[in-house]
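Structural characterization, general
Okay, here's what each chain looks like letter by letter:
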Amino acid sequence: MRALGVNTWIWASPLTEGDLLRLAPRIREFVADVVELPLEQPHDWNPVKVREILLDHDLTAASVAAVMPPGRDLVATDAAGLGRTRDYLRRCVDAAAEVGAPVVAGPMYAAVGRTWRTTEAERARILDEFRDGLAPIVEHARSAGVLLAVEPLNRYETSVLNTVAQTLEAIAELPADAVGIALDTYHQNIEEHDLVGAVQAAAGRIAHVQVCANDRGTPGTDHLDWPGFLTALAAAGHQGPLCIESFTAHNASIAVAASIWRPLAATQDTIARDGIAFLRATLAAL
């Protein structure tokens, strides 16, 4: 059976060791297998201690989520900004290797919320900047045995990569054994013509998958074609974990960053517990 898990952003931001110590028993109670670990600042949590907490609760790390606030950019930035962003991404890779996560996933090309119009020539230059900017991180990740998963976001959060097709173009020249795509049903629901087609297009480069309802809430409480999506993932050869990524409206910084203005379920636990139960039942029925 495919592993299922949650991103700790459902409850807390930024993640700390204390948060994980509090959350891990509940996450395991929801019959989760894995946890996705956001690293907002380089030293928010100690990978060795976090790995111990997960092991104590029969959990493993699915991925480290690379977080891109203002000032973290590989494109349309200056040399100092590029250097800081590379240093941060190297730290994400190191943290993933130490905690035992096989993947670093996120929109590692530019800060979330940074949007601007470009000409065709400017866009081509931006993609070149992205590939050049990421190149040393790719080599660092390969040496650490970690896969980079580049995540396209919806048009309101970035103008760099919105679709699977754009992301495939951006990573085409990067080694497939080191760089792939992170699919997120929330963003794909906005930007793709259909979820199944997006998965089919990404076959062979899918490195990580995040799931949630179309409104960022509980999977299964929405209009998405979950049987079609999950069947397409299997047909595309992806057997990795599915991680529910949602956010809490009760944390001021994350609510603003993710535009979460209202509770998305009766409780945050509901998103994790009911989402995992729905995904497990749907997978079993396929």
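Computed from a prediction, not measured in an experiment: that's the story for all the values here.

What about the sheet that holds strand β7 (residues 206-211)?
- The eight strands are arranged β1-β2-β3-β4-β5-β6-β7-β8 in a closed barrel whose pairing can be described as parallel. In this sheet, neighbouring strand axes are inclined to one another by 30 degrees on average, regardless of whether the strands run parallel or antiparallel.

Brief notes about the packing of aromatic side chains
- Taken as a whole, this structure holds four aromatic pairs when the rule is applied.
- Ring centres of W9 and F247 lie 5.4 Å apart, and the angle between their planes is 40 degrees; on these two criteria the pair is classed as tilted. With W9 in the loop between β1 (4-7) and α1 (17-29) and F247 in the loop between β8 (242-244) and α9 (252-258), the pair connects residues that are 238 residues apart, well separated along the chain. Side by side, W9 and F247 carry an identical accessibility label, which is buried.
- Here the aromatic rings of W226 and F229 are separated by 5.9 Å at their centres, their planes lie at 90 degrees, and the arrangement is edge-to-face. Here W226 pairs with F229, and both are found in helix α8 (residues 226-235), just three residues apart, close to one helical turn. As far as burial versus exposure is concerned, W226 and F229 are alike and both buried.
- Taken together, the ring pairs connect W226, F229 and F278 into an aromatic cluster.
- Here the guanidinium or amino end of R114 rests over the ring plane of W116, the centre of that ring lying 4.6 Å away.

Analysis parameters
Residues numbered from 1 in each chain as written. Predicted model: local features only at pLDDT ≥ 70, side-chain atom pairs only at ≥ 80, totals over all residues. Heavy atoms only, no water. Pairing = 2+ DSSP bridges. Helix = DSSP H or I, 4+ residues; strand = E, 2+ residues; numbered from the N terminus. Axes fitted to C-alpha atoms, helices over the stretch in contact; angles between N-to-C directions. Phe/Tyr/Trp six-rings, centres within 6.5 Å; stacked < 30°, edge-to-face > 60°. Buried < 20%, exposed > 50% of the residue type's maximum accessible area, 1.4 Å probe, protein only. Lys NZ or Arg CZ within 6 Å of the ring centre and 35° of its normal.

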